[in-house]
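# Residue-level structural notes
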Amino acid sequence: RRLALWPMPVQSCLPQMVKQLGSSISGAFKKWDHKEEGTVPRETMVSLLKGLGFGPDEIDRLLESYFKRQVPDSNGATPCIKYDDFVQWIVSVRANGGSTLLGSAPMTAKPPSKPQKKKFFIGANWKCSLEGPNEVDALVRQLNSLWVSKAGSLDDVELCLYPPYVFLDRVRDQLSAELCVGGQNAWDAAPGFASTGVVTADMLRDVGCSWVLLGHSDRRNVLGESDAYIAEKVAKCFASGLNVNLTIGEKLEDREAGRALDVLVMQLGAAAAGVPSDGWDRVVVAYEPVWAIGEGAQPCSPEETQRVHSALRGWLKEHVSEIAARSCRLVYTGSVNEGNAAQFAQLPDVDGFVVGRAGLDAEKLLSICSTLVERKAPERPQVKPKFWVGANWKCSIQTSQGADALVGQINEAWGQEIGTLSDVELCLFPPYAYLDRVRRKLRGQLHVGSQNAWDAKPGFNSTGVISAEMLNSVGCKWVLLGHSDRRNVLLEADGLIAEKMARCLARGLSVNLTIGEKLEERQAGKAIETLLRQLEAGTTGVPADAWSRVAVSYEPVWAIGEGATPCSPEDAQAVHAALRGWVRDHAGDEAARQCRLIYTGSVSAENAAQYARLPDVDGFVVGRAGLDVAKLLAICKTLAAVKAEECAAVDKLKGM
């Protein structure tokens, strides 16, 4: 029973450790296991370490490193170590590669520790679905058998069962030690109040629970538990040594009113007050869109799920700490099953699931666990294609002398930095009238593109039309299609833009397709829906081998123009990840890798670095910054520096 209370690394390592230490050492363990004060005297530790071949100096050094956290024994004299802390210390020394308490030779020098890999988390909430011990026993036996049959393939998954209170003890006694058990709740009254029907955190710990589920929609929306009340539970459970699976989620009316993220952040913020600063690796936050749960419900789309999870991680980073954002696992719970798990498993900010009905079928549950591992299998990083920067002049330069002057400055500045900017592709988009002039005067390494093609149906011999063939003939490589000026002012439809795109690609031009949502679409919660509609329409005619000639620019219309506030880096990454996911699902992995996703929304020399390091941002389209050579070169150099970091990281891995 006590073994079941320890963290999983301790549970898995202790039997091997005791076996290797031998019978005499095992006897010493048993001796202090039964000490009422639950501590290990220093003398016991010294004898254990001596028996393993450690010398006096090594023992002193090891114990000195630990006795900084010492507690007096029952007489207040000899330092003692807390029982559970001692076992955790043994395992942590082993994990850090220093001591050999589990075998081989004594430590001589402790190498730097590597960050521990964050396991994926799967929670199976049984609710009240199993009502008898026979059903419970049968499910536990089947889970044990299937888990063993996976033979280590699920080592990266932490699976926790949440049975009803009355079966907690039974499940913990029969369940494999590699799997966890948690309570579906703690307290039905104020924590600390000795009320009839209450189950406390200490009780849960005593029967072997390592997790507790708090904030579930059943508790919030049916039983009326408030954010403050749940936060109080979080703090109390942490103090009792439980890990917390916090559930947050918005109702349909919140979503339709555009308040979804506000509600989620309010719930998360309240609970965060009860989490110690160093305790976020013991927190799993489950996003549960209340409108997407229950039999027959439609799950939240993968794109929307990623947007929410990215926003939650961004909130943790900004309001708690970067370590918290990295340590806390974000899981999705909303009608996940073995049929749709793969769609969510590949999302970069989804670290697992909490399931309901699927958790009552051992084969389905283990299938979801396997899917998560397979879709999350780490890939060796690859260097992305060149970063891409487009400078859209619009109508800002209205004389040939002005165009010549700007081109001359760009040529000179690029020539001075040419060795450092080889990983950046720069394209200028002057007005039609200067296209030929700019191409003839611009350095050969730099590109020229057109701000549009056709102002009427492609192929229609209309006055004022510029065709793809014309653009090709004057040396244009790129064409800009779908800009918000064309969509929202000149009312170009998705269908017309798609027709232009197909025609331009067929004539050998590369296309920068711009998509973006207006403020009212964002406020209505339809941003992703709008973007994917535009993306799907625009790329319908893209040949399978042409994605390397496509750049998709995300232009949040509400974030452009002088004085506008750019889209936050967290939101930009969430959108770009959703777009990349759509390309992958509809055109394949290679298309998703080759297509460059560009951010355009008040990018400047000052904020470029924030966006350049986002994993799914491959460059920028700039407006005013493209008319100032110093600012334009600063943005390009920022991207080049990030590219150099990527290359160094890949080279380092290749050498490992």
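Our subject is the structure that appears above.
The structure reproduced in this document is the subject of the present report. (Residues numbered from 1 in each chain as written. Predicted model: local features only at pLDDT ≥ 70, side-chain atom pairs only at ≥ 80, totals over all residues. Heavy atoms only, no water.)

## Digging into the overall build of the protein chain
Helix and strand content of the protein chain: 28 helices and 19 strands. Within the span of the protein chain, comprising 656 residues, buried residues form 52% of the whole. The long-range share in the protein chain, meaning contacts at least 24 apart out of those at least 6 apart in sequence, stands at 71%. Within the structure as shown, the protein chain displays about 29200 Å² of accessible surface, and the carbon and sulfur contribution to it stands at 51%. (Helix = DSSP H or I, 4+ residues; strand = E, 2+ residues; numbered from the N terminus. Buried < 20%, exposed > 50% of the residue type's maximum accessible area, 1.4 Å probe, protein only. Contact = heavy atoms within 4.5 Å. Areas by Shrake-Rupley, 256 points an atom, 1.4 Å probe, with all protein chains shown as cover.)

## Details of the side chain of Ser-210
Residue placement: Ser-210 occurs in the loop between helix H9 (201-206) and strand E7 (211-214). Among all residues touching Ser-210, those that are not within four sequence positions of it are Cys-180, Val-181, Leu-242 and Asn-243.

## Concerning the pairing of strand E16 (residues 510-515)
Taken across its 6 residues, E16 has 6 buried, putting it largely inside the fold. Of the two faces of E16, both are covered, the one formed by Ser-510, Asn-512 and Thr-514 as well as the one formed by Val-511, Leu-513 and Ile-515. Judged from the 4 bridges that link them, strand E15 (residues 478-481) and E16 form a sheet pairing that is parallel. Bridge pairing in E16 links Val-479 to Val-511. Where E16 lies against strand E17 (residues 550-554), 5 bridges are found, and the strand directions are parallel. Counted as the bridge partner of Thr-514 is Ser-553 from E17. (Pairing = 2+ DSSP bridges.)

## Details of helix H14 (residues 302-319)
Its 18 residues give H14 an end-to-end C-alpha distance of 25 Å, which sits within 8% of 26 Å, the value for a rise of 1.5 Å per residue. Counting buried positions over the 18 residues of H14 gives 15, a clear majority of the element. (Expected span 1.5 Å × (residues − 1).)

## A short note on the nonpolar core
The biggest cluster of nonpolar side chains holds 78 residues, and the ones touching the most others in it are Trp-393, Leu-426, Cys-504, Leu-535, Leu-579, Tyr-599 and Phe-620. The leading source of residues in this core is helix H28 (residues 629-654), at 8 residues. With residues up to four places along the chain from it excluded, the contact list for Tyr-599 reads Tyr-554, Pro-556, Ala-559, Pro-566, Cys-567, Ala-572, His-576, Tyr-611, Val-617, Gly-619, Phe-620 and Val-621. Counting 74 residues, the second largest nonpolar core, distinct from the first, contains Leu-214, Cys-237, Ala-324 and Tyr-332. (Core = buried A, V, L, I, M, F, W, Y, C linked by side-chain atoms within 4.5 Å.)

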